[in-house]
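Close look at the chain arrangement
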Amino acid sequence: SLSSTGSSSLFEDSEDDLLSDTEGRSQGIVHLEHGEETHQKKAWQTIKTIVNLPVISPFKRRYSWVQLAGHTGSFKAADGGTILKRYSENEEKCFELLMKDRLYSCVPVYHGVVERDGESYIQLDDLLANFEGPCVMDCKMGIRTYLEEELTKAREKPKLRKDMYKKMVDVDPLAPTAEENSQHAVTKPRYMQWRETISSSANLGFRIEGIKKADGTCNTNFKTTKTREQVRQVFVEFIKGDTAILKKYLKRLYEIRSILESSDFFKRHEVIGSSLLFVHDDSGCANVWLIDFGKTTLLPDEQTLDHRIPWQEGNREDGYLLGLDNLIDILESILDR
């Protein structure tokens, strides 16, 4: 997920989408095809471009790792340092508001909706356009990755998932209850809530989803990266100990936090499944953006959120600023050592 991808799925339901296949369509689900890279246990997914790009085109080379963190995106090359992203009505509404909000400088610039080959796309700035061999990290923000309404709907139509039971057992054989063991299945809400507790989402308010290094290798093996020390070590390795890059990241995060705290858009939205995208390269360029608004939802009746107080079902708090505070604290601790 690199340029504001929405909530999507691969060949199975996205782990970040509590709804069924049909219900999830409105979140911008896309289709990818297998790539030839096999650096990890699964073949990485390359973009299924409809335009006939050369095999070694710069666009395809930059975006061949779009399957970075399990929330995938469908992109096409566009002119003038922009990309096209598969259309999502919810994300379109968010970007229209964001372009008028103080957060404008913290998100990809939105250039409207365009039609290509009978399909609609959102046109956005290409966040990687000004980097050479970028290193990229995706940090999913907040204490949960599902909307309250998704949780309610999933409970109304509970479905036992054997695939998610297997994922749970693979990580922690002791996690399922006796009943779940007898069924060899768990419900999706149960899996999603459990998953937040094994990563740093529940305790730190964010989690590392994936990293792509300058050599093109990707790592998404962060499901159980939970403690401050574990997260700190991942960041140290990501920046290769470069304190100049770290200071640029911190400066940008301070700026983002200040803008978030005074943003009307942020106050009025439940921000779920959104990420901070960290990008730097060997030249010393570094930046951070907010991406992924496919699940960001306007609150009803002029309700506002604090984004720091604990979530209790019904208050819709997402813990975004709690996560950002902790992320900044961890990066500051790297400088202090």
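Scroll up to find the structure this text is about.
In this report, the structure presented in the accompanying data block is examined. (Residues numbered from 1 in each chain as written. Predicted model: local features only at pLDDT ≥ 70, side-chain atom pairs only at ≥ 80, totals over all residues. Heavy atoms only, no water.)

As for the packing of aromatic side chains
- This structure, assessed with the given rule, holds 10 aromatic pairs.
- Ring plane angle 75° and centroid distance 6.1 Å describe the contact between Y146 and W311, whose orientation is recorded as edge-to-face. Placement of Y146 in the loop between β7 (135–141) and α4 (148–156) and of W311 in the loop between β15 (297–298) and α12 (320–336) is noted, with a sequence separation of 165 residues between them.
- The class of W311 is partly exposed, set by a relative accessible area of 21%.
- Centroid distance Y249 to F278: 5.0 Å. Interplanar angle 80°. Geometry classified as edge-to-face. Separated by 29 residues along the polypeptide, Y249 in helix α10 (residues 243–261) and F278 in strand β13 (residues 275–280) bring together distant segments of the chain.
- Look at Y249 and you get buried, because its relative accessible area is 1%.
- Chaining the aromatic ring pairs together yields one cluster made of F235, F238, Y249 and F278. (Phe/Tyr/Trp six-rings, centres within 6.5 Å; stacked < 30°, edge-to-face > 60°. Helix = DSSP H or I, 4+ residues; strand = E, 2+ residues; numbered from the N terminus. Buried < 20%, exposed > 50% of the residue type's maximum accessible area, 1.4 Å probe, protein only.)

A word on the sheet that holds strand β4 (residues 82–86)
- Strand order in the open sheet made by the four strands is β3-β4-β6-β5, with antiparallel pairing throughout. Looking at which strands have only one partner, the edges of the open sheet turn out to be β3 (75–77) and β5 (110–116). Going from strand to strand, the sheet's axes swing by 35° on average, the running direction of each strand aside.
- By the bridge criterion, five bridges tie β4 to strand β6 (residues 119–125) in an arrangement that is antiparallel. Bridge pairing links R86 to Y121 in β6. (Pairing = 2+ DSSP bridges. Axes fitted to C-alpha atoms, helices over the stretch in contact; angles between N-to-C directions.)

Description of the nonpolar core
- Among the nonpolar cores identified, the biggest contains 50 residues, and F235, L276, F278 and L290 are the most heavily contacted of them.
- Setting aside its immediate chain neighbours within four residues, F235 contacts M137, C139, I208, F278, L327, L331 and I334. (Core = buried A, V, L, I, M, F, W, Y, C linked by side-chain atoms within 4.5 Å. Contact = heavy atoms within 4.5 Å.)

Quick word on the packing of α10 against α12
- Running from N to C, α10 and α12 cross one another at 155°; their axes reach a closest spacing of 10 Å. Classified by the interaxial angle, the pair formed by α10 and α12 is roughly antiparallel. In this structure, the crossing between α10 and α12 has a hand that is left-handed. Contacts between α10 and α12 involve T243, L246, K247, L250, L253, Y254, I256, R257, L260 and E261 from the first element and Y320, L321, L324, D325, L327, I328, L331, E332, I334 and L335 from the second.
- Classifying every residue of the contact of α10 with α12 gives 14 nonpolar, one polar and five charged. (Parallel < 35°, antiparallel > 145°, perpendicular 65-115°, else oblique. Left-handed = near helix turned anticlockwise from the far one by under 90°. Nonpolar A, V, L, I, M, F, W, Y, C, P; charged D, E, K, R; others polar.)

Concerning the packing of helix α9 (residues 228–239) against α12
- Where α9 meets α12, the closest approach of the two axes is 10 Å, and the angle between their N-to-C directions is 65°. Note on packing geometry: the crossing formed by α9 with α12 is right-handed. On α12, the residues touching R228, V231, R232, F235 and V236 of α9 are N326, L327, D329, I330, L331, S333 and I334.
- Broken down by class, the residue content of the contact of α9 with α12 amounts to seven nonpolar, two polar and three charged.

Some remarks on the pairing of β6
- With five bridges joining them, β5 and β6 adopt antiparallel strand pairing. Directly across from Y110, in β6, lies its bridge partner L124.
- Where β5 hands over to β6, the hairpin turn is made up of two residues, of which D117 adopts a positive phi near 50°.

Here we look at the pattern of salt bridges
- Taken as a whole and assessed by the stated rule, the structure comprises 21 salt bridges.
- Salt-bridge contacts for E209 lead to K140; the nearest nitrogen and oxygen are separated by 3.6 Å. With a gap of 69 residues between them, E209 in strand β10 (residues 206–212) and K140 in strand β7 connect regions that are remote in the sequence. For the pair E209 and K140, one class covers both residues: buried. (Salt bridge = Lys/Arg side-chain N within 4 Å of Asp/Glu carboxyl O.)

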